[in-house]
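Read off the chains here:
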Amino acid sequence: MQIREQLETVINDALKNALAGGSLNLEELPEAALERPRDESNGDWASTVALRVAKPAKKNPREIAQLIVDHLPENDLIDSVEIAGPGFINIRLTPVSYHAVLADVLKQKDQYGKGEIPEGMRYVNLEYVSANPTGPMHVGHGRWAALGDATARVMRHAGYDVYEEFYINDAGVQMDLFGKSVACRYLQILGQDIPMIENGYGGSYIKDIAQGVVDRDGDKWVAVDDDTRTAEFREIAYSEMLQLMKETLAGFGNKFDCWFSERSLYIEGPDGTSPVSRSIKAMDEKGYVYKEDGAMWFRSTAFGDEKDRVMIKENGEFTYFMSDVAYHYDKLSRGFDHLINIWGADHHGYVKRCEAMLDAWGRPGALEVMLGQLVNLYREGEVVRMSKRTGEMITFAELIDEVGVDATRYLMLSRSSDQPIDFDIEVAKKKDASNPVYYVQYAHARICSILRKAAPAGEAEAVVAGTTSMDELIEKLLADGADLSLLTHESEIALMRKMSEFGELVSDAARDRAAFRLTHYAQDLAALFHQFYTNCHVLGEDKELEKARLNLANGTRIVLARALDLLGVSAPAQM
RNA sequence: GCCUCCGUAGCUCAGGGGAUAGAGCAUCGGUUUCCUAAACCGAGUGCCGUAGGUUCGAAUCCUAUCGGGGGCACCA
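Thresholds, definitions, all that
Throughout, residues of each chain are indexed from 1 in the direction in which the sequence is written. Chain labels run from A onward and ligand labels from 1 onward, assigned in the order the entries are written. For a predicted model such as this one, the threshold for reporting local features is a pLDDT of at least 70, and the threshold for listing and counting side-chain atom pairs is 80 or more; totals across whole chains, interfaces and linings nevertheless cover every residue. Computation of side-chain values: all heavy atoms of the structure, hydrogens and water removed. Only buried residues count toward a nonpolar core. Its members are Ala, Val, Leu, Ile, Met, Phe, Trp, Tyr and Cys residues joined through side-chain atoms within 4.5 Å. Burial classification: accessible surface area is computed with a 1.4 Å probe over protein chains only, and a residue below 20% of its type maximum counts as buried, one above 50% as exposed, and the rest as partly exposed. The way it works is that DSSP assigns letters per residue, a run of H or I at least four long becomes a helix, a run of E at least two long becomes a strand, and they are numbered from the N terminus. Should any heavy atoms of two residues lie within 4.5 Å, those residues are counted as being in contact. Both cavities and pockets are sets of points on a 1 Å grid over the protein atoms alone; in a cavity a 1.4 Å probe fits but cannot get out, in a pocket the set is open with protein on both sides within 12 Å along at least five of seven lines, and lining residues sit with an atom within 4 Å of a point. Grid points are joined across faces, edges and corners, and a volume is the space filled by probe spheres set on the points. Note on residue classes: Ala, Val, Leu, Ile, Met, Phe, Trp, Tyr, Cys and Pro are nonpolar, Asp, Glu, Lys and Arg are charged, and everything else, Gly too, is polar. If DSSP finds at least two bridges between two strands, the strands pair. The axes are straight lines fitted to the C-alpha atoms, using for helices just the contacting stretch, and the angles between their N-to-C directions are given from 0 to 180°. With the far helix as reference, a near helix turned anticlockwise by less than a right angle produces a left-handed crossing, and one turned clockwise produces a right-handed crossing. A pairing counts as a salt bridge when a side-chain nitrogen of Lys or Arg comes within 4 Å of a carboxyl oxygen of Asp or Glu. Working definition: roughly parallel below 35 degrees, roughly antiparallel above 145 degrees, roughly perpendicular at 65 to 115 degrees, and oblique for all remaining angles. Here pLDDT means the predictor's own confidence in every residue, given as a number from 0 to 100. Centre distance within 6.5 Å is the pairing criterion for rings of Phe, Tyr and Trp, where only the six-membered ring of Trp is used; planes under 30 degrees apart are then read as stacked, over 60 as edge-to-face, and the remainder as tilted.

### Focus: the nonpolar core
Formed by 148 residues in total, the largest nonpolar core has its most connected members in Leu-7, Ile-91, Val-129, Phe-178, Phe-423, Phe-502 and Leu-518. A per-element tally of this core places helix α21 (residues 543-567) first, with 11 residues. Here Ile-91 is in contact with Leu-7, Ile-11, Leu-34, Gly-43, Asp-44, Trp-45, Ile-78 and Ser-80, once residues within four sequence places are set aside.

### Brief notes about empty space enclosed by the protein
With the rule as written, the count across this model stands at 1 cavity of 30 Å³ or more. Roughly 50 Å³ of internal volume is contained in the largest cavity. Taken together, Arg-143, Ala-146, Leu-147, Met-412, Leu-413, Arg-415, Ser-417 and Phe-516 make up the lining of the largest cavity. Sorting the residues of the lining of the largest cavity by element identifies α5 (139-157) and α13 (405-413) as the ones contributing at least two each. Here the element with the most residues in the lining of the largest cavity is α5; it accounts for 3 residues. Of the residues assigned to the lining of the largest cavity, the class counts are 5 nonpolar, 1 polar and 2 charged.

### Looking at helix α19 (residues 502-511)
The buried fraction of α19 is high, at 7 of 10 residues. Among the residues of α19, Phe-502, Gly-503, Glu-504, Leu-505, Val-506, Ala-509 and Ala-510 are the ones counted as buried. Phi for Arg-513, located one or two positions after α19, is positive at around 50°.

### A short note on the pairing of strand β8 (residues 289-292)
Judged from the 4 bridges that link them, β8 and strand β9 (residues 295-298) form a sheet pairing that is antiparallel. Its bridge partner being in β9, Lys-291 is matched across the sheet by Met-296. Counted between consecutive antiparallel strands, the loop separating β8 from β9 contains 2 residues, among which Asp-293 sits at a positive phi close to 55°.

### Remarks on the packing of helix α18 (residues 490-500) against α21
Packed helices, taken two at a time, are described by the angle their axes make and the gap between the axes. Orientation of α18 relative to α21, taken along the N-to-C sense of each, is 30°, at an axis distance of 11 Å. Crossing of α18 against α21: the hand is left-handed. In this structure, α18 contributes Glu-492, Leu-495, Met-496 and Met-499 to the contact, and α21 contributes Arg-549, Leu-552, Gly-555, Thr-556 and Val-559.

### Side note on the environment of Leu-339
Looking at where Leu-339 falls in the secondary structure, it is placed in strand β11 (residues 338-344). Note on Leu-339: relative accessible area 0%, which makes it buried. Once the C-alpha coordinates of Leu-339 and Glu-368 are considered, the two residues, 29 residues apart in sequence, prove to be 6.1 Å apart. Excluding its chain neighbours within four sequence positions, the residues that come into contact with Leu-339 are Asn-125, His-328, Lys-331, Leu-332, Leu-358, Ala-366, Leu-367 and Glu-368.

### Considerations on the pattern of salt bridges
Two side chains that carry opposite charge are able to pair once their charged atoms sit near each other. In total, this model carries 37 salt bridges according to the counting rule given. A salt bridge links Arg-497 to Glu-40; the nearest nitrogen and oxygen atoms lie 3.5 Å apart. A residue pair is termed long-range when its members are at least 10 positions apart, and Arg-497 in helix α18 and Glu-40 in the loop between β1 (34-35) and β2 (45-47) qualify at 457 residues. Accessibility expressed as a relative area gives 16% for Arg-497, which makes it buried.

### So, the packing of helix α15 (residues 436-454) against helix α20 (residues 517-535)
At their nearest, the axes of α15 and α20 sit 9 Å apart, and the two run at 45° to each other. On the basis of the axis angle, α15 is oblique to α20. Relative to α20, the crossing made by α15 is left-handed. Side by side, α15 and α20 meet where Pro-436, Tyr-439, Val-440, Tyr-442, Ala-443, Arg-446, Ile-447 and Ile-450 of the first sit next to Ala-522, Gln-523, Ala-526, Ala-527, Phe-529, His-530 and Tyr-533 of the second. Taken together, the residues of the contact of α15 with α20 sort by class into 12 nonpolar, 2 polar and 1 charged.

### Points about the confidence of the model for chain A
Per-residue pLDDT for chain A has a mean of 92; in total, 99% of the residues score no lower than 70. In the predicted complex, the global pTM is 0.94; the interface-specific ipTM is 0.94.

### Notes on the packing of aromatic side chains
Overall, the coordinates contain 25 aromatic pairs when judged by the stated rule. Measuring from ring centre to ring centre gives 6.4 Å for Tyr-167 and Phe-260, while their planes differ by 35°; the resulting arrangement is tilted. Taken together, the residues Tyr-167 in strand β6 (residues 161-168) and Phe-260 in strand β7 (residues 258-261) connect sequence positions 93 residues apart. Neither residue differs from the other here; Tyr-167 and Phe-260 are each classed as buried.

Following this line, the structure appears as structure tokens:
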């Protein structure tokens, strides 16, 4: 049980005692109202319950606070209590309660801070990136890749069952244009003097794909009719682009559970229905579908959308929105409790109509759209959009190549998704204090270094050589346990206090879909470790103290590594 | 015009009802016979965009307003 919950119980008991004794008059038991004071001089925890109930209880808040303090039950959690200001109850915890936190970390290891989400809210579909397979991913997609992955990791640690999905827009006009563009380049390479098609794709990667076909197939596709060639090139180009995206994302550490094809929405099953037809039927049955001007409409205005939306055009073609209707219906039918989509802020206008369709199916609120602000790329303060090398948009793959996965992820995640990011490539590449990712990683590496030094001769070398793992070494080294009550130094207590916040941080960050908070936490924890390192020598101290401190260092390592892992950033044992 | 995100230290941003508003960077000064100085310690900076309102209490909630980003198709 976490410290907050334990404290809540204690405060609740005090309130109950005061109520039972008749010294406090309230209709119902108020909440413990615990918070962490910003200023440490106001204690480890504070309750504002006295301020909150002053009015209904018709009493001065300081008097109420005193009553609560007088009725506190016996416990080994609270060291001292102080009534401050208008009626704050400031609580200082015993060292014992912090030692229990560390013991918990050491026991639970990477499971520390794991939460539980009740059945019925747990199974979540998270769809993100979903870049069109008609070109390489740009830097903005990278932000969604980092954000989606970290969100999934954080939510999983909080107890959700997250299913990560990538929606491939492999149907529709853009795909055809893409295929035609490559086919056109192909013919040009083979000497035909033809112009690029109207609205064709201009990037040099189109030529590269075409050249690839020339190298492989020669002039095999020159003599065939246009439709065959277009279809063939569309598939070739599509699979090449998709493969490229999969490789880039895998290299970035993303693992999607599903790559969902838009085309599949239009394929009829043995029963003669498709996701498209089923989704329309489900809407129609509730009365939200109508025909007008020869088109088929969704009455989204019934749910607050500013206008109704066309699903099937007058000419019989499906709109892009139709695909989304079918896609979301399909997701629902796969049994998810909740759907989350991560979109760029430029899709803001599209949200309402998508939420409306879930209303229409009787699942209001089941879809949550996370809108993230965009990424502005800089190099030494100057805006860059184009790559110097290719003269085209800098791709996500190029960015990772230049900056590295860890720094890219960390910087992409280090601020709220409501905030646009100014990503400076040169700053991201710096390996000094101005780059927070290395600050955090360095703390981890420092801890590992201490642990290696503490190991018997030969064993550390085995780790460096790779014949045993860091985990095995630590397991052996700390097998005896230690007397954690020796950890009483201010810097030691501060570290344990920070560790005690981890579980709550994870569950809050998961609830608020705010993975970026983990970056702040990691930096705070790293800073506290560096302070501890400076103030408290570990090796060569009194044997028992050394053991206790090694355990504290290892506990810090565990939590630090977990925090980094939730961000998808590596925790190096050496730097 | 409508919708939405944002406005907090020199810069980049946290904090989103609670106490004297924080962090990193940058700037200046200090610390190494000793576990990684990629570190630590010290110093300064704020009409929390503006004006009203709600509240015991507002940077935080509400309204208005100013400024900036993004969006408002039978396009995808």
